[in-house]
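# Examining the three-dimensional arrangement
So you can see what is in the structure, the chains are spelled out below.
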Amino acid sequence: MINNGFSARGDIMERIYLDYAAATPLDERVLQAMMPYLTSEFGNPSSLHAYGQTARAAVRTARRQTAASLGAEAQDIVFTGGGTEANNLAILGYLRANCPHGGHIVTTAVEHASVLRIFESLAGRGYDVTFLPVGEDGRVNMEEVRRSLRDDTVLVSVMAANNETGMIQPLAEIGALAREKNAAFHVDAVQGFGWLPLRPEEQHIDLLSIAGHKVYGPKGIGALYIGSGIKIRPDTFGGPQERKLRAGTENVAAIAGFGRACKLLRDEWRERACKVRTLKEFFYNTLIKGNGRYRLNGTMAHSLPNIINVSVAHVDRTIVLIALDRRGIAVSAGSACEAGAAQPSHVLQAMGVTGDWLSGSVRVSFGKDTTKKDLVKTIKEIRKIAGEERADG
């Protein structure tokens, strides 16, 4: 439970936040790490005087902290304005530097819009694009991956875990196949970061994108891991900041906050994951399991501990979302980046979900502040919306 608000009747209402997959609240400890660079320590990191060097030191520290959360080196990390920018820099930057005139590139049908739209835009512009299908569980089949890779494959991009269903992809296996073909392997780990043990070198990952607002850090900050020997060409030019890949004065406060969030994540991720996995199992066992009014989209196995995607039979997701919000409960229909889109989820469609199950799907995501009490109330309200319980019950 996050904070209080007012109900439609004007009285104070306890509000429950269950949309952590869209954004997490800023950790108080992260805010404390940011405050000096929003107030007294305002120097430009490129300046040679003491003010600038203080800011520069903060960026260096954050780079080490971010790299450590991935088992990487500080020089492997380039800070960006978020996960979408990191994905764009990784994919387009790699193609600009290594195969600007075309080649075979591979992704999946369930990627985040910031990857899917790039691949769609490249199709027919000299690049032969393969969109890998997924099974009913939302995961790629390794034989399909193997068959899709060719001698002219230059880049493979697969998300670590899906932002709508939480389903995890077999990264190490895909990375090994890509390496056999000398193709670069990019991973959008924005949703999986904080919940999965991500180790780029061990998993044969050349490029990996992460973002601050999924791990109790600030919004508008992300990072791209670039493996040793991988060449990237930027599309913006200016100063030498971020290895000459992202010109412009660094957002020191956000970078410092992201670094602190990564440090806390490294210290606490097992405890966080264990807690939310227990809550997810409670939610599934209490609401969904054995009840024909609901459908789990994906599986409990091979999924992130903090995301569950459920369809409510014969009730449109918009009705579910609005009804829950009026009761002070925040869930989502899927990706916040496409919240205004009227079309059904491309992820669920790729998984073969159809009819009422497709139109009635919602994503419920948990965080380190979620309680069992929150879920008990949420389950009760969903049952009312589904017609299981009296609305005045």
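Residues numbered from 1 in each chain as written. Predicted model: local features only at pLDDT ≥ 70, side-chain atom pairs only at ≥ 80, totals over all residues. Heavy atoms only, no water.

Under an unreviewed UniProt entry, the name given to the chain is cysteine desulfurase, and the organism recorded is Anaeroglobus geminatus F0357. Quoted verbatim from the Sequence similarities (unreviewed entry) field of UniProt, the annotation for the chain is "Belongs to the class-V pyridoxal-phosphate-dependent aminotransferase family. NifS/IscS subfamily." (UniProt positions renumbered as here; feature names shortened; annotations may be inferred.)

## Details of the packing of aromatic side chains
Under the counting rule described, the total for this entry stands at five aromatic pairs. Centroid distance Phe79 to Phe258: 6.4 Å. Interplanar angle 65 degrees. Geometry classified as edge-to-face. Here Phe79 is found in strand S4 (residues 77–80), whereas its partner Phe258 is found in helix H8 (residues 252–288), with 179 residues between them in sequence. There is no split in this pair, since Phe79 and Phe258 are both buried. Feature note: the residues Tyr17, Tyr20 and Tyr216 constitute an aromatic cluster, connected by ring pairs. Looking at Lys368, its charged tip hangs above the ring of Tyr216, at a distance of 4.6 Å from the centre. (Phe/Tyr/Trp six-rings, centres within 6.5 Å; stacked < 30°, edge-to-face > 60°. Helix = DSSP H or I, 4+ residues; strand = E, 2+ residues; numbered from the N terminus. Buried < 20%, exposed > 50% of the residue type's maximum accessible area, 1.4 Å probe, protein only. Lys NZ or Arg CZ within 6 Å of the ring centre and 35° of its normal.)

## Some remarks on the packing of helix H3 (residues 83–98) against helix H4 (residues 113–122)
In contact at an axis separation of 9 Å, H3 and H4 are set at 30 degrees when each is read in the N-to-C sense. Overall, the two elements H3 and H4 adopt an arrangement that is roughly parallel. As H3 runs across H4, the sense of the crossing is right-handed. Of H4, the residues touching H3 (which contributes Thr84, Asn87, Asn88, Ile91, Leu92 and Leu95) are Ser114, Val115, Ile118, Phe119 and Leu122. Class assignment for the residues of the contact of H3 with H4 results in seven nonpolar, four polar and no charged. (Axes fitted to C-alpha atoms, helices over the stretch in contact; angles between N-to-C directions. Parallel < 35°, antiparallel > 145°, perpendicular 65-115°, else oblique. Left-handed = near helix turned anticlockwise from the far one by under 90°. Contact = heavy atoms within 4.5 Å. Nonpolar A, V, L, I, M, F, W, Y, C, P; charged D, E, K, R; others polar.)

## Some words on the nonpolar core
One finds Leu70, Phe79, Val156, Phe185, Phe193, Phe258 and Phe283 to be the most contacted residues of the largest nonpolar core, which totals 86 residues. The two domains that each donate at least three residues to this core are domain 1 (28–264) and domain 2 (269–386). The residues touching Phe258, leaving out its near neighbours within four places in the chain, are Thr66, Phe79, Phe193, Ile210, Ala211, Gly212, Val215, Pro218, Ile221, Gly222 and Ala223. (Core = buried A, V, L, I, M, F, W, Y, C linked by side-chain atoms within 4.5 Å. Domains from an automatic or database assignment.)

## Notes on the pairing of strand S6 (residues 127–132)
Sheet analysis places strand S5 (residues 103–108) next to S6, joined by six bridges and oriented parallel. For His104, the partnering residue across the bridge sits in S6 and is Asp128. After leaving S5, the chain enters H4 and then returns to the sheet as S6, a path that is right-handed. (Pairing = 2+ DSSP bridges. Right-handed = clockwise from strand over helix to strand, strands pointing away.)

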